[in-house]
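Each chain is listed here by its residues.
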Amino acid sequence: MNEHDGEIRILVVCLGNICRSPTAHGVLQRKLEEAGLDGRVRVDSAGTGDYHIGKMPDPRAREAAAGRGYDLTGLRARQVEPDDFRRFHLILAADSENYADLVALAPSPADRTKVRYLLDFAASPEQEVPDPYAESEEAFDRVLDLVEEAADGLVEAVQTGEWIAHASA
């Protein structure tokens with residue numbers, strides 16, 4: 001898979017783009033910066049639904065993230081668009097529902113291969129990041145635990161070149 005101008009582009013997706021995917025966006029962005037990869041990798045986030053377009057991440061997600069030093073305040077929800085499949089190398093779904101929606105939205109069979117689970121990069125045996133929206137504040141901390149683990153794995157995959165295997169698996 002060719003990288004445009006050497007830049008790897010990753011899109012993280014959940015349902016509304018106000019809890020899980022912006023959390024992953026913020027965590028991954030900072031971990032890439034800390035690893036010196038922020039100039040090489042661009043991260044974005046989106047939702048499969050159009051419920052919260054233009055809104056900031058959920059206050060509980062922002063608060064939980066801030067408690068660990070991540071700033072999500074500059075992020076705004078947007079919906080996945082067909083052009084995202086052209087622009088991004090990896091499209092990482094938070095759960096099986098969003099995974100299925102992304103595969104259905106993919107314009108071509110080649111584009112479907114870009115869709116993976118975010119937790120494919122985590123050591124955890126879990127496949128899905130649970131939606132904390134209707135849950136307690138502790139659920140947002142659980143999301144952060146899973147997302148940090150996946151982000152660490154993704155940073156390592158970028159450093160070793162293994163992200164390419166994930167993008168074409």
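Quick caveat: nothing in here was measured; it's all calculated off a predicted structure. (Residues numbered from 1 in each chain as written. Predicted model: local features only at pLDDT ≥ 70, side-chain atom pairs only at ≥ 80, totals over all residues. Heavy atoms only, no water.)

As a further point, take the environment of Asp-101. Position of Asp-101 among the secondary structure elements: in helix α4 (residues 96–105). Owing to a relative accessible area of 32%, Asp-101 belongs among the partly exposed residues under this scheme. Residues Asp-101 and Leu-15, spaced 86 residues apart in sequence, show a C-alpha to C-alpha distance of 9.5 Å. (Helix = DSSP H or I, 4+ residues; strand = E, 2+ residues; numbered from the N terminus. Buried < 20%, exposed > 50% of the residue type's maximum accessible area, 1.4 Å probe, protein only.)

As a further point, take empty space enclosed by the protein. As enumerated under the stated definition, the model contains 1 cavity of 30 Å³ or more in all. Its volume calculated, the largest cavity comes out at about 30 Å³. Every residue lining the largest cavity is listed: Val-12, Ala-24, Leu-28, Leu-118, Val-147 and Ala-151. When contributions to the lining of the largest cavity are tallied by element, the ones reaching two or more residues are α1 (20–34) and α6 (137–160). Within the lining of the largest cavity, the residues separate by chemical class into 6 nonpolar, no polar and no charged. (1 Å grid on protein atoms, 1.4 Å probe; cavity = no way out; pocket = protein on both sides within 12 Å on 5 of 7 lines; lining within 4 Å. Points joined across faces, edges and corners; volume = space filled by probe spheres on them. Nonpolar A, V, L, I, M, F, W, Y, C, P; charged D, E, K, R; others polar.)

Taken together, the side chains of Glu-63, Glu-137, Glu-138 and Asp-141 present a region of like negative charge at the surface. At 3 residues, α6 tops the list of elements feeding residues into the negative patch. Mapping Glu-138 onto the fold places it in helix α6. Exposure remark for Glu-138: the relative accessible area of 56% places this residue in the exposed category. (Patch = residues over 30% accessible without salt bridge, like charges linked within 9 Å, V, L, I, M, F, W, Y side chains within 5 Å. Areas by Shrake-Rupley, 256 points an atom, 1.4 Å probe, with all protein chains shown as cover. Salt bridge = Lys/Arg side-chain N within 4 Å of Asp/Glu carboxyl O. Lys, Arg positive; Asp, Glu negative; His and termini not counted. Charge placed at Lys NZ, Arg CZ, Asp CG, Glu CD.)

Turning our eyes to something else, we now look at the nonpolar core. In terms of nonpolar packing, the biggest core is built from 40 residues, with Ile-10, Leu-28, Val-41 and Leu-118 touching the most fellow members. When residues of this core are assigned to their parent elements, the largest contribution, 11 residues, is made by α6. The residues contacting Leu-118, other than those within four sequence positions of it, are Val-12, Ala-24, Leu-92, Ala-93, Val-129, Val-147 and Ala-150. In this structure, Ala-46, Val-80, Ile-91 and Ala-106 belong to the second largest nonpolar core, which totals 11 residues. (Core = buried A, V, L, I, M, F, W, Y, C linked by side-chain atoms within 4.5 Å. Contact = heavy atoms within 4.5 Å.)

A few words on the pattern of salt bridges. What the rule picks out here adds up to 16 salt bridges. Note that Asp-83 is salt-bridged to Arg-86, the shortest N-O span being 2.8 Å. Salt-bridge contacts for Asp-120 lead to Arg-116; the nearest nitrogen and oxygen are separated by 3.6 Å. Accessibility expressed as a relative area gives 16% for Arg-116, which makes it buried.

Right, let's get into the packing of aromatic side chains. Tallying each qualifying case throughout the model produces 1 aromatic pair. Ring centres of Tyr-99 and Tyr-117 lie 4.5 Å apart, and the angle between their planes is 0°; on these two criteria the pair is classed as stacked. Of this pair, Tyr-99 sits in helix α4 while Tyr-117 sits in strand β4 (residues 115–117); the two residues are 18 residues apart in sequence, bridging distant segments of the chain. We classify Tyr-117 as buried; its relative accessible area is 11%. Across the ring face of Tyr-133, the terminal group of Arg-60 is positioned such that the distance to the ring centre comes to 5.6 Å. (Phe/Tyr/Trp six-rings, centres within 6.5 Å; stacked < 30°, edge-to-face > 60°. Lys NZ or Arg CZ within 6 Å of the ring centre and 35° of its normal.)

Along helix α2 (residues 59–67), the residues that are buried comprise Ala-61, Ala-64 and Ala-65. Looking straight down α2, one finds that the buried residues subtend no more than 100° of arc, so they occupy a single side. Across α2 from its buried face, at more than 90 degrees, point the exposed residues Pro-59, Glu-63 and Gly-67. In this structure, the buried side of α2 is in contact with α1 and α6. Taking the backbone nitrogen of Arg-60 as reference, a side-chain oxygen 2.7 Å away marks Asp-58 as the first, capping residue of α2. A positive backbone phi angle near 90° is found at Gly-69, which sits one or two residues after α2. (Arc of directions from axis to C-beta. Polar contact = N/O pair within 3.5 Å; in protein donor to acceptor, adjacent residues only side chain to side chain.)

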